[in-house]
Amino acid sequence: DQQVKQNSPSLSVQEGRISILNCDYTNSMFDYFLWYKKYPAEGPTFLISISSIKDKNEDGRFTVFLNKSAKHLSLHIVPSQPGDSAVYFCAARETSGSRLTFGEGTQLTVNP
Amino acid sequence: NAGVMQNPRHLVRRRGQEARLRCSPMKGHSHVYWYRQLPEEGLKFMVYLQKENIIDESGMPKERFSAEFPKEGPSILRIQQVVRGDSAAYFCASSPLGPGVGTDTQYFGPGTRLTVL
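Below is a summary of the structure that appears in this document. Here the structure is a predicted model, which is why all the values come from computation and not from measurement.

About the cut-offs
- By convention here, each chain's residues receive numbers from 1 onward along its written sequence.
- The lettering of chains begins at A and the numbering of ligands begins at 1, in the order of writing.
- Residues qualify for local features only when their pLDDT is at least 70, as the model is predicted, and side-chain atom pairs are given and counted only at 80 or more; totals for whole chains, interfaces and linings, by contrast, use all residues.
- Excluded from the side-chain calculations are hydrogens and water; all other atoms, namely the structure's heavy atoms, are used.
- Note on disulfides: each one is a pair of cysteine sulfur atoms within 2.5 Å.
- Think of it this way: any DSSP run of H or I at least four residues long counts as a helix, any run of E at least two long counts as a strand, and we number them from the N terminus.
- Think of it in three bands: residues with accessible area under 20% of the maximum for their type are buried, residues over 50% are exposed, and the middle band is partly exposed, with areas taken using a 1.4 Å probe on protein chains only.
- Any two residues whose heavy atoms approach within 4.5 Å are treated as being in contact.
- Values labelled buried area give the accessible surface lost by two parts on being combined, using a 1.4 Å probe and summing over both.
- Note on definitions: salt bridges are taken to be side-chain nitrogens of Lys or Arg within 4 Å of carboxyl oxygens of Asp or Glu.
- The term polar contact refers here to a pair of N or O atoms within 3.5 Å; inside protein, the definition further demands a hydrogen-donor-capable atom paired with an acceptor-capable atom, and it admits residues adjacent in sequence only when both atoms are side-chain atoms.
- Each residue gets one of three labels, nonpolar for Ala, Val, Leu, Ile, Met, Phe, Trp, Tyr, Cys and Pro, charged for Asp, Glu, Lys and Arg, and polar for the others, Gly among them.

## Focus on the state of the cysteines
In a disulfide, the sulfur atoms of two cysteines are held together by a covalent bond.
Residues and elements named next belong to chain B.
Then, in step 1: Under the counting rule described, the total for this entry stands at two disulfides over all chains.
Then, in step 2: Sulfur-sulfur distance for the disulfide between cysteine 23 and cysteine 92 comes to 1.7 Å. Classification of the bridge connecting cysteine 23 and cysteine 92 rests on its S-S torsion, roughly -50 degrees, and on that basis the disulfide is left-handed. Note that cysteine 23 is positioned in strand β3 (residues 19-24) and cysteine 92 in strand β9 (residues 88-95), a separation of 69 residues in sequence.
Then, in step 3: With a relative accessible area of 0%, cysteine 23 lands in the buried category.

## Describing the interface of chain B and chain A
Then, in step 1: Each side of the interface is counted separately: chain B has 28 residues, and chain A has 21 residues.
Then, in step 2: Between chain B and chain A the total buried area reaches about 1,800 Å² when both faces are included, carbon and sulfur atoms providing 51% of it.
Then, in step 3: The interface formed by chain B and chain A holds zero salt bridges in total.
Then, in step 4: Put simply, chain B and chain A have eight residue pairs in polar contact (both at pLDDT 80 or more) between them.
Then, in step 5: Only β4 (31-37), β5 (43-50) and β10 (107-108) of chain B provide two or more residues apiece to the side of chain B that touches chain A.
Then, in step 6: Taken together, the residues that form the side of chain B that touches chain A break down as eleven nonpolar, eleven polar and six charged.

In structure tokens form, the structure reads like this:
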């Protein structure tokens, strides 16, 4: 039972353009969502998060949007840079829960 | 990766041997989580510990796997009698606040890549 899904295994964009990574979830008890970036042979690096009481959170080039009614969130990166090329994981957590539930990841490639 | 330390980074074991993976959380963090990533998959939760206590081990196989977080020293994930299917990347994360605090964030270590021959 995959409660967090990232339906696009890969995404390729040009440097300077916007990257949009999508994530869908099925568990209505999830109330905190996070995005992590992962380079090969390294651990996930925390990027940005959003609580279910908000619909948008912005940090520099990164913005996360949450649509609770659609159970959908997205990560926008603008402008995209070649150093952004990595696997991006969406994760979610229930109220008072300890575990993060991860999606399968999306490989982002930013071409110079 | 925000100061979470894991060692060894790479571990090779033969079938039937024991694997011990260590994790030192970030300074000031008392909540430790272990996750496993199989090839081509996302991370899967295994166990959540606080000092000297296992809080949630619902994601950890009942046999051969155990975890501890002693009062002194790192957290240890132990896999006894390893099999080829245990080959994976094992990540440790720590957080400062723990469950119940809405914005608590987990920070990950670099992982231990276990290869079972």
